[in-house]
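# Report on the structure
So the chains spell out like this:
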Amino acid sequence: MKPVRHPDAPAPGQLLGAHYGECFGCGGLQPHGLHLQARAGEGVSITAEFTVQPAHQGAPGLAHGGVLATALDETLGSLNWLLRTIAVTGRLETDFVRPVPVGTTLHLEAEVTAVAGRKIYSRATGRVGGPDGPVAVRAEALFIEVKVDHFVQHGREEEIQAAMNDPDQVRRARAFEVNP
Ligand SMILES: CCCCCCCCCC(=O)SCCNC(=O)CCNC(=O)[C@H](O)C(C)(C)COP(=O)(O)OP(=O)(O)OC[C@H]1O[C@@H](n2cnc3c(N)ncnc32)[C@H](O)[C@@H]1OP(=O)(O)O
């Protein structure tokens, strides 16, 4: 089925902010995290930016492939904001098209291509040198819709308790819950 933008989705151009402060992809509390910043796009799409730091190296002066996959995963995950669905990555297929040096800003865009029951199909690209620059990475993903229980059940007690005691975190989770 064609994806449908939720009526309460953030407006195009709106910065989304971190879904969790400790998230390695987008959180502000992770010193070596990606600090990826995502923005709502038109339809069910997202744009995001991430600048490769020295802590993200694999080979000398080059981004680690796993870090680039993280940037793609995080951008694709941000599409949840537009569907207002809680979903986790089930499958992530990545093409590394060109090496990405430290200091480079990766310009990412992602869109949902189809939704079938709990399955959300999406794809993303990351470009260098600007939003219209050459493609450096590409991904196709399958996210699976889950309930908040997924995190409560599987997350470490310490962090789950801390999240539950944080009113902002609880508010964010509630906004996404379709059938609480
Ligand atoms: C606003 C919020 C922003 C959030 C940003 C987050 C960005 C980061 C996102 C992540 O990195 S999430 C963390 C990484 N992912 C995980 O930890 C997920 C671990 N895996 C699981 O917990 C379970 O495998 C999962 C919830 C994904 C699926 O288990 P379920 O038991 O709920 O589902 P089930 O196995 O019944 O599968 C449901 C459907 O999905 C299909 N499916 C599940 N996993 C699949 C897979 N890997 N490949 C292909 N198909 C898959 C499955 O075949 C089936 O299709 P059908 O409905 O057609 O039968």
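What counts and how
Residues numbered from 1 in each chain as written. Predicted model: local features only at pLDDT ≥ 70, side-chain atom pairs only at ≥ 80, totals over all residues. Helix = DSSP H or I, 4+ residues; strand = E, 2+ residues; numbered from the N terminus. Buried ≥ 20, exposed ≤ 12 C-beta atoms within 10 Å, placed from the backbone. Near = placed C-beta within 6 Å. Contact = placed C-beta atoms within 7 Å. Pairing = 2+ DSSP bridges. Axes fitted to C-alpha atoms, helices over the stretch in contact; angles between N-to-C directions. pLDDT = per-residue confidence, 0-100.

Another aspect to go through is unusual backbone geometry. The residue histidine 35 is not glycine, and still its phi comes out positive at about 50 degrees. With respect to the secondary-structure elements, histidine 35 resides in the segment before strand E1 (37-40). Phi is positive for arginine 84, close to 55 degrees, though the residue is something other than glycine. You can see arginine 84 is positioned in the loop between helix H2 (80-83) and strand E3 (87-96). Take arginine 84: there are 16 C-beta atoms within 10 Å of it, and that puts it in the partly exposed class.

Let's shift gears to the site of the ligand. Taken together, 18 residues form the shell around the ligand, and within it His19, Gly77, Val88, Gly90 and Ile144 come nearest. Broken down by secondary-structure element, the contributors of at least two residues to the shell around the ligand are helix H1 (65-78), H2, E3 and strand E6 (135-145).

Before going further, it helps to spend a moment on the environment of leucine 76. Among the structural elements, leucine 76 can be located in helix H1. Separated by 50 residues in sequence, leucine 76 and glycine 126 have C-alpha atoms that sit 11 Å apart. In this view, leucine 76 contacts Ala110, Ser122, Ala124, Ala139, Ala141 and Phe143; residues no more than four positions away in its chain are not counted.

Here we come to the sheet that holds E1. Spatial strand order, E1-E2-E4-E5-E6-E3: 6 strands in an open sheet with antiparallel pairing. Strand pairing shows two members of the sheet lacking a second neighbour, E1 and E3, which therefore form its edges. Neighbouring strand axes in the sheet, compared pairwise and without regard to direction, differ in orientation by 20 degrees on average. Bridge count between E3 and E6: 9 bridges; the pairing is antiparallel. Bridging across to E6, arginine 91 finds its partner in leucine 142.

Two elements, strand E4 (residues 105-116) and strand E5 (residues 119-128), share 10 bridges in a ladder whose sense is antiparallel. Note that in E5 the partner of alanine 116 across the bridge is lysine 119. From the end of E5 to the start of E6, which pair antiparallel, there are 6 residues, and glycine 129 there has a positive phi angle of about 85 degrees.

In this section: the confidence of the model for the protein. The pLDDT averaged across the protein works out to 95; a share of 98% of its residues lies at or above 70. As a predicted assembly, this complex carries a pTM of 0.96 together with an ipTM value of 0.97.

To continue, consider the pairing of strand E2 (residues 45-51). With burial as the criterion, only one face of E2 is covered, namely that bearing Ile46, Ala48 and Phe50; the residues Ser45, Thr47, Glu49 and Thr51 on the opposite face remain uncovered. Here 4 bridges tie E1 to E2, and the two strands are oriented antiparallel to one another. Across the sheet, alanine 38 pairs through a bridge with alanine 48, a residue of E2. Hairpin connection from E1 to E2: 4 residues lie between these consecutive antiparallel strands, with glycine 43 at a positive phi of about 60 degrees. Sheet topology note: the E2/E4 ladder contains 7 bridges and is antiparallel.

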